[in-house]
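Summary of the model geometry
Residues per chain, in single letters:
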Amino acid sequence: MSGFDFIVVGAGVSGASAAAALAEWGRVALVEAEDAPGMHSTGRSAALYTPNYGGPVARRINIASGIFYTSPPEGFSDAPLLAPRGALTLARPGQEALLDEVLANANVRHPIERVTAARASELAAFIRPEFIADAAYEAGVMDMDVAAIHQGFLRAHRQRGGTLLCRAPVENLRRVGGVWQVQAGRHALEAPVLVNASGAWGDVVAARAGARPVGLVPKRRTAIVVEPPAGMDVSRMPVIEFAGHGPYMKPQASGIMCSPADETPDVPRDVQPDDMDVAVLVDWVERHSFVTVRKAPRTWAGLRSFVTDAAPVVGFDPAAEGFFWLVGQGGFGIMMAPVLARVTAALATGGAMPADLAERGITAADLAPDRPSLAA
Ligand SMILES: Cc1cc2nc3c(=O)[nH]c(=O)nc-3n(C[C@H](O)[C@H](O)[C@H](O)COP(=O)(O)OP(=O)(O)OC[C@H]3O[C@@H](n4cnc5c(N)ncnc54)[C@H](O)[C@@H]3O)c2cc1C
């Protein structure tokens, strides 16, 4: 039996960042079921930093994370973690009023400006102009380098003496004499604190530990990458959304990533795209843009896992001693990682919310696994 101070289950961005932060406090085993970290949600995101997206709790966290991503610690990454992208929300003819909801999200630090249909057509030259009656532009939306972020956290964990174990699915969990005894593949581990950062599997791991589930629902989201119209360089164009929601398109160097923004309830698994979802999306893309899909696009799907109030769940379980939750990041988990890792390190070591985060209105009560909005 190998002894640690903390066992972190799941080496996606949530577990990797938490393990790095906890390794400042003690010996950490970061335990991953797959052959390598990042094979589930973390490796399947849209890689966007969207500080004006989500409910109030998510926004406070995402805005605070921007500080880390803009100026990461020395040696965290050789490359910048954020790069300008911008986002353009388009209103179809007759739907101009829907832009008001988008513009209401603006604040002094994250402005969103109305732009004319003509300007929007220049910014998003691959969209058919007949779909653009009015538009709002948000410059603060950024591309995130998810691989660099994830590797940065894994490296920090390793440099602080942490242990990463892959091909180590946590199957058996027992609380004996104030420690968790964990069988993870061929590894027998023990630690007083276990951090559940297993993404879509959060309630599965909790059930194995005898903890009450928090009601996590993994929701499938589909993505495809199509080639831009012939001769058009889209690599610096903004993300395109339509007011009133629906599919979005993210131009990038490798093509245009498109997603129907689907949220189909699913189960924890290696989720794959549904052929019909892809076909419907291809049809939508061809009708709304000058893209012609000549060959089968690259496709994938991933799980975004939510609890009922769509805020993350971070904190000790009220009934299962030493069982710490770090789940429910939904569609924001990459953005949230630096802040939720700090919160985890503070609370899992018996401390309080870091003062700078508390000043921003991020409270332990809003994240707690026994908060009233989850029971509802
Ligand atoms: C299409 C799509 C677009 C998205 N776009 C964005 C975006 O633009 N910006 C953003 O911030 N977020 C985005 N997200 C959300 C983001 O990807 C997730 O919130 C984030 O990756 C969650 O990370 P995680 O580490 O909690 O989960 P995961 O990356 O899923 O990691 C959990 C890990 O736990 C492991 N595990 C599970 N059970 C066990 C066990 N019993 N033992 C050991 N290991 C176990 C799994 O193998 C997995 O590796 C998007 C997601 C999708 C699907």
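Source: prediction; values computed, not measured.

Our next topic: the sheet that holds strand E13 (residues 187-191). Pairing within the open sheet is mixed, and its four strands lie in the order E1-E13-E12-E11. In this open sheet, the two strands that pair with only one neighbour each are strand E1 (2-3) and strand E11 (170-176). As paired elements, E1 and E13 share two bridges and run parallel to each other. Counterpart to glycine 3 in the pairing with E13 is glutamate 190. Together, E11 and strand E12 (179-184) form the strand contacts of helix H6 (residues 202-209), whose direction differs from that of E11 by roughly 40°.

The strand order across the open sheet formed by three strands is E4-E9-E5, and the pairing between neighbours is antiparallel. This sheet does not close on itself; its edge strands, each paired only once, are strand E4 (48-49) and strand E5 (82-84).

The next point concerns the site of the ligand. Around the ligand sit 38 residues in total, of which Ser14, Glu32, Thr42, Val170 and Met335 are the nearest. In this structure, glycine 330 approaches the ligand through a main-chain N or O atom, which is 2.9 Å from an oxygen atom. Take phenylalanine 332: an N or O atom from its main chain is 3.4 Å from an oxygen atom of the ligand. When the free accessible area of the ligand is taken as 1,000 Å², the share hidden by the protein chains comes to 96%. Broken down by secondary-structure element, the contributors of at least two residues to the shell around the ligand are helix H1 (13-22), H6, strand E20 (298-306) and helix H8 (333-348). Residues from two domains meet in the shell around the ligand; each of domain 1 (2-72 + 145-216 + 309-375) and domain 2 (87-139 + 217-306) gives at least three.

Turning our eyes to something else, we now look at the pattern of salt bridges. The tally for this structure, following the rule as stated, stands at 20 salt bridges. A salt bridge links glutamate 263 to arginine 304, with the shortest nitrogen-to-oxygen separation between them at 3.0 Å. Taken together, the residues glutamate 263 in the loop between strand E18 (255-259) and strand E19 (264-265) and arginine 304 in strand E20 connect sequence positions 41 residues apart. A residue is classified by how much of its surface remains accessible, and arginine 304, at 10% relative accessible area, is buried. Overlapping salt bridges, with partners in common, bring together Arg220, Asp266, Arg269 and Asp277 in one network.

This part takes up the domain arrangement of the protein. Domain boundaries assigned for the protein yield domain 1 (2-72 + 145-216 + 309-375) and domain 2 (87-139 + 217-306). Distance between the C-alpha centres of domain 1 and domain 2: 30 Å. Buried surface at the junction of domain 1 and domain 2, both sides included, amounts to about 1,800 Å², of which 52% is carbon and sulfur. Between domain 1 and domain 2 we count one salt bridge in total. For arginine 44, the salt bridge identified is with aspartate 270, shortest N-O distance 2.7 Å. The interface formed by domain 1 and domain 2 holds 11 residue pairs in polar contact (both at pLDDT 80 or more) in total. Among the residues making up the side of domain 1 that touches domain 2, the classes are represented as 11 nonpolar, 10 polar and two charged.

Bringing the packing of H1 against H8 into the picture now. H8 packs onto H1 with a crossing angle of 40° between their chain directions and a minimal axis gap of 8 Å. Considered as vectors, H1 and H8 are oriented oblique to each other. At the point where H1 passes H8, the crossing takes the right-handed sense. For the pair H1 and H8, contact is made by Val13, Ser17, Ala18, Ala21 and Leu22 and by Gly333, Ile334, Ala337, Ala341, Thr344, Ala345 and Ala348, respectively.

In this section: unusual backbone geometry. Here the phi dihedral of arginine 167 falls at roughly 50°; this positive angle occurs in a residue that is not glycine. Residue position: arginine 167 is located in the loop between strand E10 (163-165) and E11. Using a relative accessible area of 55% as the deciding quantity, one classes arginine 167 as exposed.

A few words on the packing of helix H2 (residues 56-70) against H8. Close contact between H2 and H8 brings their axes to 8 Å; oriented N to C, the two are set at 80°. Between H2 and H8, the angle is such that the two are roughly perpendicular. Between H2 and H8, the contacting residues are Ala58, Ile61, Asn62, Ala64, Ser65, Phe68 and Tyr69 on the first element and Ile334, Met335, Met336, Ala337, Pro338, Val339 and Leu340 on the second. When grouped by side-chain class, the residues that make up the contact of H2 with H8 number 12 nonpolar, two polar and no charged.

Ranked by size, the top nonpolar core spans 53 residues in total, and within it Tyr69, Met144, Phe153 and Leu367 carry the most contacts. Elements that contribute at least two residues to this core include exactly strand E2 (6-9), H1, strand E3 (28-31), H2, helix H5 (146-159), strand E14 (193-196), strand E22 (323-327) and H8. The element contributing the most residues to this core is H8, with 11 residues. Once residues lying within four places of it in the same chain are set aside, the contact partners of methionine 144 are Ala47, Leu48, Tyr49, Tyr69, Leu81, Leu82, Ile149, Ile334 and Met335. In this structure, Ala168, Val205, Val313 and Trp325 belong to the second largest nonpolar core, which totals 28 residues.

Cut-offs applied
Residues numbered from 1 in each chain as written. Predicted model: local features only at pLDDT ≥ 70, side-chain atom pairs only at ≥ 80, totals over all residues. Heavy atoms only, no water. Pairing = 2+ DSSP bridges. Helix = DSSP H or I, 4+ residues; strand = E, 2+ residues; numbered from the N terminus. Contact = heavy atoms within 4.5 Å. Axes fitted to C-alpha atoms, helices over the stretch in contact; angles between N-to-C directions. Near = heavy atom within 4 Å. Polar contact = N/O pair within 3.5 Å; in protein donor to acceptor, adjacent residues only side chain to side chain. Areas by Shrake-Rupley, 256 points an atom, 1.4 Å probe, with all protein chains shown as cover. Domains from an automatic or database assignment. Salt bridge = Lys/Arg side-chain N within 4 Å of Asp/Glu carboxyl O. Buried < 20%, exposed > 50% of the residue type's maximum accessible area, 1.4 Å probe, protein only. Buried area = accessible area lost by both parts, 1.4 Å probe. Nonpolar A, V, L, I, M, F, W, Y, C, P; charged D, E, K, R; others polar. Parallel < 35°, antiparallel > 145°, perpendicular 65-115°, else oblique. Left-handed = near helix turned anticlockwise from the far one by under 90°. Core = buried A, V, L, I, M, F, W, Y, C linked by side-chain atoms within 4.5 Å.

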